[in-house]
Amino acid sequence: MDIKQLALECGFTVAEPMNPATLEFMQDVRAMCAADRCQSYNRNWACPPACGSLEDFILRAAGYRKGILLQTVGDREDSYDFEAMMQVQEENSRHFDALADILVSSGIDVFMMSAGTCTRCRKCTYPDAPCRFPEKVFPSMEACGLFVSKVCKDNGVPYYYGDEKIAYTCCVLYND
Ligand code: SF4
């Protein structure tokens, strides 16, 4: 399966090879989730503490030999254009969910990491009922302790495209 081509068809702007050996899972990054700046901590099955521990992700990621870094890059007027940034983030979530649907359904062995919390449902069932789509829900790169700009740099992919662009970054680990 050509995951790179599939990702581009799902709407991602960028899909480039990522070496799983470059991933460094850091407690300091993971700890930022608890500061709750994105207002998802302890509110969603895909986020800490429900999504699993840093150690869980280190173990899980160790089983993969290949990776692809994915980005949705969109326009904004400047770094204060929050409306445009939210729109690009929503587009990125749609691209991510579309790719996850295809890859999980195909049976290929994948571990995906998103660019934010899970937004599949209008309101997450957490913590009152089980997740509606547990097999298709993945944590964010930050929840896994990954410093996204470093992952990009270590794999030769830009993170910053200038003040008039915004990029949301996620990734796929897989075995084929
Ligand atoms: S699929 Fe729905 S219930 Fe599951 S984590 Fe996402 S929003 Fe929550």
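These numbers come from a predicted model, not from an experiment.

### Considerations on the layout of surface pockets
Okay, step 1: Approximately 1,500 Å³ is the volume found for the largest pocket.
Okay, step 2: Cys-38, Gln-89, Ala-115, Glu-142 and Tyr-168 are, among the 39 residues lining the largest pocket, the residues nearest its centre.
Okay, step 3: Elements supplying a minimum of two residues to the lining of the largest pocket: α4 (82–106), α5 (148–154) and β4 (165–175).
Okay, step 4: Ranked by residues supplied to the lining of the largest pocket, first place goes to α4 with 8 residues.
Okay, step 5: When grouped by side-chain class, the residues that make up the lining of the largest pocket number 21 nonpolar, 11 polar and 7 charged.

### Quick look at the pairing of β4
Okay, step 1: With respect to burial, β4 is a largely interior element, 10 of its 11 residues being buried.
Okay, step 2: One ladder, built from 10 bridges, connects strand β2 (residues 66–75) with β4; its direction is antiparallel. Bridge pairing in β4 links Gln-71 to Thr-169.
Okay, step 3: Sheet topology places strand β3 (residues 109–113) next to β4; 5 bridges connect them, and they run antiparallel. Among the inter-strand pairings, Val-110 is bridged to a residue of β4, identified as Tyr-174.

### Topic: the side chain of Thr-125
Okay, step 1: Tracing the backbone shows Thr-125 in the loop between β3 and α5.
Okay, step 2: Polar side-chain contacts of Thr-125 include one of 3.0 Å to the backbone oxygen of Ala-129.
Okay, step 3: Residues contacting Thr-125, with those up to four places away along its chain left out, are Trp-45, Pro-130, Cys-131 and Arg-132.

### Regarding the sheet that holds β4
Okay, step 1: Strand order across the open sheet formed by 4 strands is β1-β2-β4-β3, with antiparallel pairing between neighbours. The open sheet is flanked by β1 (14–17) and β3, the only strands paired with a single partner. Taken pair by pair, the neighbouring strands of this sheet meet at an average axis angle of 25°, ignoring direction.

### Some words on the packing of aromatic side chains
Okay, step 1: All told, the structure shown has 4 aromatic pairs when counted by the stated rule.
Okay, step 2: Ring centres 6.4 Å apart and planes at 80° place the aromatic pair Phe-96 and Phe-138 in the edge-to-face group. Taken together, the residues Phe-96 in helix α4 and Phe-138 in the loop between β3 and α5 connect sequence positions 42 residues apart. Just as Phe-96 is buried, Phe-138 falls in that class too.
Okay, step 3: Ring plane angle 55° and centroid distance 6.4 Å describe the contact between Phe-111 and Phe-138, whose orientation is recorded as tilted. With Phe-111 in strand β3 and Phe-138 in the loop between β3 and α5, this pair connects stretches of sequence that are 27 residues apart.
Okay, step 4: Classification of Phe-111 as buried rests on a relative accessible area of 0%.

How each quantity is defined
Residues numbered from 1 in each chain as written. Predicted model: local features only at pLDDT ≥ 70, side-chain atom pairs only at ≥ 80, totals over all residues. Heavy atoms only, no water. 1 Å grid on protein atoms, 1.4 Å probe; cavity = no way out; pocket = protein on both sides within 12 Å on 5 of 7 lines; lining within 4 Å. Points joined across faces, edges and corners; volume = space filled by probe spheres on them. Helix = DSSP H or I, 4+ residues; strand = E, 2+ residues; numbered from the N terminus. Nonpolar A, V, L, I, M, F, W, Y, C, P; charged D, E, K, R; others polar. Buried < 20%, exposed > 50% of the residue type's maximum accessible area, 1.4 Å probe, protein only. Pairing = 2+ DSSP bridges. Polar contact = N/O pair within 3.5 Å; in protein donor to acceptor, adjacent residues only side chain to side chain. Contact = heavy atoms within 4.5 Å. Axes fitted to C-alpha atoms, helices over the stretch in contact; angles between N-to-C directions. Phe/Tyr/Trp six-rings, centres within 6.5 Å; stacked < 30°, edge-to-face > 60°.

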